[in-house]
Amino acid sequence: MTNSEIFDVHIELLFYKPFGDYNGGNLQGKDITLKDNFISYMPCNKNTDNHNLHAVRIRTTDNLEEMWSDPSSFIRLSIIAKHSLSGFNKVFVKDFINKDTISSKNFISGSDLNVK
């Protein structure tokens, strides 16, 4: 959430599966195919925006439930975007650590992440 526009938004979604070696655990990463992984411009959140243009849904064609057979696996969402006033990049990372985060329900419109 920002009061300024952002641009050059890059979205990456990776599926990580741990596997062991002699010195500890490593992660094996696999790209999750996204329908859209780049957004050139996003406006800031405004009360007058009836279409919620500041919010984006991330969609994939991959079957995540089928991929996620190991309970120790997780999905990592990474977003890199540039602030329009400062020109600085910011990286946002969120891990989804269990299968229960996948939902086929409809999201409420706007900034709310709840489903109905």
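A brief report on the enclosed structure follows. All values reported here derive from a predicted model rather than from experimental measurement.

### Here we look at the nonpolar core
Nonpolar side chains in soluble globular proteins tend to be buried together.
Okay, step 1: By size, the foremost hydrophobic cluster in this structure holds 13 residues, and its most contacted members are Val9, Ile11, Leu13, Phe15, Ile32, Ile39 and Ile75.
Okay, step 2: For this core, the secondary-structure elements that each account for two or more residues are strand E1 (6-21), strand E3 (38-42) and strand E4 (74-83).
Okay, step 3: Top element by residues in this core is E1. It accounts for four residues.
Okay, step 4: Residues contacting Ile11, with those up to four places away along its chain left out, are Leu34, Asp36, Asn37, Ile39, Ile58, Leu77, Ser78 and Ile79.

### Re the environment of Phe19
Okay, step 1: Take Phe19: it is sitting in strand E1.
Okay, step 2: Looking at Phe19, the relative accessible area reads 40%, which means it is partly exposed.
Okay, step 3: With near-sequence residues (within four places) excluded, Phe19 lies in contact with Gly25, Asn26, Leu27 and Gln28.

### Remarks on the pattern of salt bridges
Okay, step 1: In total, this model carries two salt bridges according to the counting rule given.
Okay, step 2: Measuring nitrogen to oxygen at the nearest pair gives 3.0 Å for the salt bridge that ties Arg59 to Asp36. Placement of the pair is Arg59 in the loop between E3 and helix H1 (64-67) and Asp36 in the loop between strand E2 (24-31) and E3, with a sequence separation of 23 residues.
Okay, step 3: Of the charged contacts, one joins Asp95 and Arg76 as a salt bridge, the two residues approaching to 2.6 Å between their closest N and O atoms. Here Arg76 lies in strand E4 and Asp95 lies in strand E5 (residues 89-96), a separation of 19 residues in the sequence.

About the thresholds
- Residues numbered from 1 in each chain as written.
- Predicted model: local features only at pLDDT ≥ 70, side-chain atom pairs only at ≥ 80, totals over all residues.
- Heavy atoms only, no water.
- Core = buried A, V, L, I, M, F, W, Y, C linked by side-chain atoms within 4.5 Å.
- Buried < 20%, exposed > 50% of the residue type's maximum accessible area, 1.4 Å probe, protein only.
- Helix = DSSP H or I, 4+ residues; strand = E, 2+ residues; numbered from the N terminus.
- Contact = heavy atoms within 4.5 Å.
- Salt bridge = Lys/Arg side-chain N within 4 Å of Asp/Glu carboxyl O.

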